[in-house]
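Chain by chain, the residues run as shown.
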Amino acid sequence: MKDEHNLPTSFKRLKAIKKQIENTEIKTTLNRFTYRYRVARAFIGINAPEIGERTVRGYAVGMKLLLAYSAFDEIRTVRNLLPKIKPPKGSYTKIISKVLANKLRENEELNHLLKISSAVNNKNLVEQVSLFFENKNDDVMCIATGLRNTFAHGVFTAAGAGLTTKRKQKIIDELANAVLDMTDEIALECVTQLENNLKG
């Protein structure tokens, strides 16, 4: 890989130990993670001629969040394969941000979309999203998960998600970046554990 822009912070360290990793699933998943992360970090929009600019921008931020979440899915798989850092059963990754949470709560259409979408049907997720919009929890990851699900499997439209203004689109871009930042931290944790495993 000649151009190393937009790569995870741990990329050079991972590259140094990659050939020594014996677990094929971990090795291939880390490879997928690296490329998915890079695409998500580099993503700036989509091109859809003859579609309104506001609509295209709304879908673009939804797509960026989907790409960020796909990188998270890969690194979460790696973390779950490393017993020393695997989270306890039933726990899930949170991103607590009161500032971002308050911005997201202003989007009434997003609240409505997440309530009606059949793609947001996991009991715990439904409960966390409800608590979020009742101002009882500042975990923006539950919103990222719900929005990602509606984009990939549900009833997402730019207007339906309230993403027709630059301000609201920017907030979802911030959410995607928060997912990427957290994903990068998990990758560092995984690479550190892999390095420790190789040292014996």
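What counts, and where the lines are drawn
- Residues numbered from 1 in each chain as written.
- Predicted model: local features only at pLDDT ≥ 70, side-chain atom pairs only at ≥ 80, totals over all residues.
- Heavy atoms only, no water.
- Phe/Tyr/Trp six-rings, centres within 6.5 Å; stacked < 30°, edge-to-face > 60°.
- Helix = DSSP H or I, 4+ residues; strand = E, 2+ residues; numbered from the N terminus.
- Buried < 20%, exposed > 50% of the residue type's maximum accessible area, 1.4 Å probe, protein only.
- Expected span 1.5 Å × (residues − 1).
- Axes fitted to C-alpha atoms, helices over the stretch in contact; angles between N-to-C directions.
- Left-handed = near helix turned anticlockwise from the far one by under 90°.
- Contact = heavy atoms within 4.5 Å.
- Core = buried A, V, L, I, M, F, W, Y, C linked by side-chain atoms within 4.5 Å.
- Parallel < 35°, antiparallel > 145°, perpendicular 65-115°, else oblique.
- Nonpolar A, V, L, I, M, F, W, Y, C, P; charged D, E, K, R; others polar.

Draft legend 1. Summary view of the packing of aromatic side chains. A full pass over the atoms with the stated rule returns six aromatic pairs. A ring pair is formed by Phe33 and Tyr37, whose centres lie 5.7 Å apart and whose planes are at 50 degrees; its orientation type is tilted. With a gap of four residues between them, Phe33 and Tyr37 both fall in helix H2 (residues 24-42), about one helical turn apart. Judged by its relative accessible area of 2%, Phe33 falls in the buried class. Ring centres of Phe132 and Phe133 lie 5.2 Å apart, and the angle between their planes is 85 degrees; on these two criteria the pair is classed as edge-to-face. The burial state of Phe132 is the same as that of Phe133; both residues are buried.

Draft legend 2. Representation of helix H8 (residues 166-199) in the model. Over its 34 residues, H8 extends 49 Å from the first C-alpha to the last, a length consistent with the 50 Å expected when each residue adds 1.5 Å. Gly200 lies just past H8 and shows a positive phi near 90 degrees.

Draft legend 3. Quick look at the packing of helix H4 (residues 98-105) against H8. Running from N to C, H4 and H8 point in directions that differ by 140 degrees, and their axes come no closer than 10 Å. Of the two elements, H4 crosses H8, and the hand of that crossing is left-handed. Counted together, Leu100, Lys103 and Leu104 of H4 and Ile171, Ile172, Glu174, Leu175 and Ala178 of H8 form the full contact between these two elements.

Draft legend 4. The arrangement of the nonpolar core in detail. Counting 56 residues, the largest nonpolar core has Leu104, Ile143 and Leu175 as the members making the most contacts within it. Counting only elements with at least two residues in this core, the list comes to helix H1 (11-17), H2, helix H3 (53-80), H4, helix H5 (108-116), helix H6 (123-133), helix H7 (141-153) and H8. Leave out the neighbours within four places in its chain, and Ile143 touches Leu104, Leu110, Leu114, Val129, Phe132, Phe133 and Leu175.

Draft legend 5. The packing of H3 against H7, seen in detail. Where H3 meets H7, the closest approach of the two axes is 9 Å, and the angle between their N-to-C directions is 110 degrees. One finds that H3 runs roughly perpendicular with respect to H7. Crossing of H3 against H7: the hand is left-handed. Contacts between H3 and H7 involve Tyr59, Gly62, Met63, Leu65, Leu66, Tyr69, Phe72 and Asp73 on the former and, on the latter, Met141, Ala144, Thr145, Leu147, Arg148, Phe151 and Ala152. Taken together, the residues of the contact of H3 with H7 sort by class into 11 nonpolar, two polar and two charged.

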